[in-house]
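Okay, here's what each chain looks like letter by letter:
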Amino acid sequence: MRIATANETYLADEALIRTRTQWVWMAILAIVLIAAPFALNNYWLYLACLVAINVASATGLNILTGYTGLVSLGQGAFMAVGAYTVAWADRNLGTPFLVNLFAGGLMAALVGVFVGLPSLRVKGLYLAIATIGASLILHFVFLNWTSVTGGSRGMNVAPASFFGKELITYFQLYWVLVPIAALMVLGAANLFRTRIGRAFIAIRDRDISAEVLGIPLLRYKLMSFAISSFYAGVAGGMWAYFFRSVGPESFTLVESIFYLAAVIVGGMGSILGAIIGAVFMTLVPEILRFGVEAVTPYIDNAGTLLSPVRTVVFGALIIIFLVFEPQGLAEIVQRIRRFFHLWPFKK
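Keep in mind that what you see is a predicted model, and the values were worked out from it rather than measured. (Residues numbered from 1 in each chain as written. Predicted model: local features only at pLDDT ≥ 70, side-chain atom pairs only at ≥ 80, totals over all residues. Heavy atoms only, no water.)

Asks: Would you explain a nonpolar patch on the surface in this entry?
Replies: Together, Met-107, Leu-110, Phe-114, Leu-117, Leu-120 and Leu-218 give the surface a local cluster of nonpolar side chains, amounting to about 560 Å² of exposed area. At three residues, the largest contribution of residues to the nonpolar patch is made by helix H5 (residues 97-115). For Leu-120, the location among the structural elements is in the loop between H5 and helix H6 (125-144). (Patch = residues over 30% accessible without salt bridge, like charges linked within 9 Å, V, L, I, M, F, W, Y side chains within 5 Å. Areas by Shrake-Rupley, 256 points an atom, 1.4 Å probe, with all protein chains shown as cover. Salt bridge = Lys/Arg side-chain N within 4 Å of Asp/Glu carboxyl O. Helix = DSSP H or I, 4+ residues; strand = E, 2+ residues; numbered from the N terminus.)

Printed below as a string of structure tokens:
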């Protein structure tokens, strides 16, 4: 019988994957992700690509809200900054799409730093309102700076090109969007093994105590805004290449609520939670659509109810999880893992 022992080194204690079982599950996940595009049809490939984009953005918001404790309702606006940057660079500079994605992330990070400036003075509900105000300002810019954004008409985006081959189909895009999202998740997981990540957590748990311990609050809060916005900007750029067009109505307040709901439902302060929440919230509208299609023969104009019902469901999910399961789906997964780890000895 194998007896568990304590880790003998600091590196072993801080490793992302600590056991042989975890390595096996990671290998299985990698095999599934590689085999998936060959087994899925076009509809499910579309959803897989959309999930990858949402996972990237939700992970960024979780860094800010879940790990640093700064509530933001501007994730959609930061994604829009990245999407417009990608569209403009693609049209005017013709730079490679990976360079455009990085530029979109940097531009969103810069905007995020300015939006995060009030975070030293306000927090909680007041900070959330401040990010909403910033979103409205950015929406006004997108709508009226016609020479750069195209105004109300928006901008079309040429297909992403990789080694001279255009990525047009969902099958082709899958091999780009999913690896990028995976790298971003891995980067976020590693972030919280560093001094910066631990400073974020300290600020979330007790910002005054963190400042007493020598953590400069403004610097790390702005850093958290920048990293979160960078993730949103890259996700927005991925979104632009995926849908091939960007407009002022592409990223509304509803999109920001969507990502906040994904973080809350999945589990704040958990990388796994951001992934599960993004997957779950991406599939909810599809489930609602199937439900609407089922009742369409019996209810007139059932299709027109889909958009408001979607918003209501997002709000209801946030309330339900805040009341009954504040730690989200990630905690439910952990309970299941603990149960089977001790079964059949646990009563």
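Read on for the rest.
Asks: Can you help me understand the confidence of the model for the protein in this one?
Replies: Atomic detail in the predicted coordinates should be set aside for any region of low pLDDT. In the predicted model, the protein carries a mean pLDDT of 85, and the fraction of residues at 70 or more is 89%. In the model, residues 1-5 has pLDDT below 50 throughout and makes zero contacts with residues more than four positions away in sequence or in other chains. (pLDDT = per-residue confidence, 0-100. Contact = heavy atoms within 4.5 Å.)

Asks: Just to check I follow, could you spell out the environment of Glu-331 for this structure?
Replies: Along the polypeptide, Glu-331 turns up in helix H15 (residues 328-342). When the C-alpha atoms of Glu-331 and Gly-267 are compared, they prove to be 7.1 Å apart, with 64 residues separating the residues in sequence. Setting aside chain neighbours within four positions, we find Glu-331 in contact with Glu-325 and Arg-338.

Asks: Sorry if this is basic, but what is going on with the pattern of salt bridges here?
Replies: If charged atoms from side chains of opposite charge come close, those side chains can pair. Applying the stated criterion across every chain yields a total of three salt bridges. The shortest N-O distance in the salt bridge between Arg-204 and Asp-205 comes to 3.0 Å. Between Glu-325 and Arg-335 there is a salt bridge, with its nearest N and O atoms 2.9 Å apart. With Glu-325 in the loop between helix H14 (306-324) and H15 and Arg-335 in helix H15, the pair connects residues that are ten residues apart, well separated along the chain. Residue class for Glu-325 comes out buried when judged on its relative accessible area of 10%. (Buried < 20%, exposed > 50% of the residue type's maximum accessible area, 1.4 Å probe, protein only.)

Asks: Hey, could you run me through unusual backbone geometry in this one?
Replies: The bulk of non-glycine residues show a negative phi, and the bulk of peptide bonds are trans. Backbone geometry places Arg-244, a non-glycine residue, at a positive phi of 70 degrees. Examined against the element boundaries, Arg-244 turns out to sit in the loop between helix H11 (217-243) and strand S4 (245-246).

Asks: Honestly, the packing of aromatic side chains in this entry has me stumped. Any pointers?
Replies: Ring pairs (aromatic) are described by centroid distance and by the angle formed between their planes. In this structure the tally under the stated criterion is 18 aromatic pairs. With a centroid separation of 5.8 Å and an interplanar angle of 75 degrees, the aromatic rings of Phe-102 and Phe-230 are classed as edge-to-face. Here Phe-102 is found in helix H5, whereas its partner Phe-230 is found in helix H11, with 128 residues between them in sequence. Phe-102 sits in the partly exposed class, given a relative accessible area of 48%. Since its relative accessible area comes to 22%, Phe-230 is described here as partly exposed. When the ring of Phe-242 is compared with that of Phe-243, the centres are 4.8 Å apart and the planes differ by 80 degrees; the resulting orientation is edge-to-face. Residue classification places Phe-242 among the buried residues on the basis of a relative accessible area of 7%. Among the residues examined, Phe-243 registers a relative accessible area of 31% and is labelled partly exposed. (Phe/Tyr/Trp six-rings, centres within 6.5 Å; stacked < 30°, edge-to-face > 60°.)

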